Amino acid sequence: METTWAHRLRDAGLRVTRPRLAVLDALAGHPHADADTLVTVARAAHPTLSPQAVYGVLRALVAVGLARRVEPAGAPALYEVRVGDNHHHLVCRSCGGVTDVDCTVGAAPCLSPSEASGFVVDEAEVVFWGLCPDCQDAGRPAAAVPVAQHHNRGGTGA
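Each value, and the rule that gives it
Residues numbered from 1 in each chain as written. Predicted model: local features only at pLDDT ≥ 70, side-chain atom pairs only at ≥ 80, totals over all residues. Heavy atoms only, no water. Salt bridge = Lys/Arg side-chain N within 4 Å of Asp/Glu carboxyl O. Helix = DSSP H or I, 4+ residues; strand = E, 2+ residues; numbered from the N terminus. Buried < 20%, exposed > 50% of the residue type's maximum accessible area, 1.4 Å probe, protein only.

Any two side chains of opposite charge can pair, so long as their charged atoms come close to each other. This model, assessed by the stated rule, comprises five salt bridges. A salt bridge links E80 to R68, with the nearest nitrogen and oxygen atoms 3.6 Å apart. Pair noted here: E80 is in strand β3 (residues 78-80) and R68 is in strand β2 (residues 68-70), with a separation of 12 residues, a long-range link. Given the relative accessible area of 1%, E80 is considered buried. With a relative accessible area of 9%, R68 lands in the buried category. Across the salt bridge formed by D102 and R82, the nearest N and O atoms sit 2.5 Å from each other. Pair noted here: D102 is in the loop between β5 (98-101) and β6 (127-130) and R82 is in the loop between β3 and β4 (88-92), with a separation of 20 residues, a long-range link. Through salt bridges with shared partners, a single ionic network connects R82, D85, D100 and D102.

The analysis is restricted to geometry; functional conclusions fall outside its scope.
Okay, structure coming up:
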């Protein structure tokens, strides 16, 4: 996958570096991961990689559209490489698991605000909250505030 990432980095105007490739590989293997998880995963492939470097790479990738930052309420920011399709997320209130869900209605922005206040809307971000099948089967209660720890369910396209 390194060659693909190298092309995508160059196409986005970024230099190809080992830290960027390590973070992209970590993101590809761990969609919806928080920065601390990505530090751990990326450092397994690139042991000298500092947490600051991972945070810097994440900022750069989000800035050029190679990664997306998702911020579910009450949980740490999560990152993914599924970008450009305006998909949404299902979040479990008990375990914090995150699943991708395709656009709710048609093409981006999928939804229209009742009043745009002069904005030209090109994207809608929707987070659906509930209990995942595993937590339902285990009889776990829904937390009032989502848990910080989560596991990825991948979902469509992840």
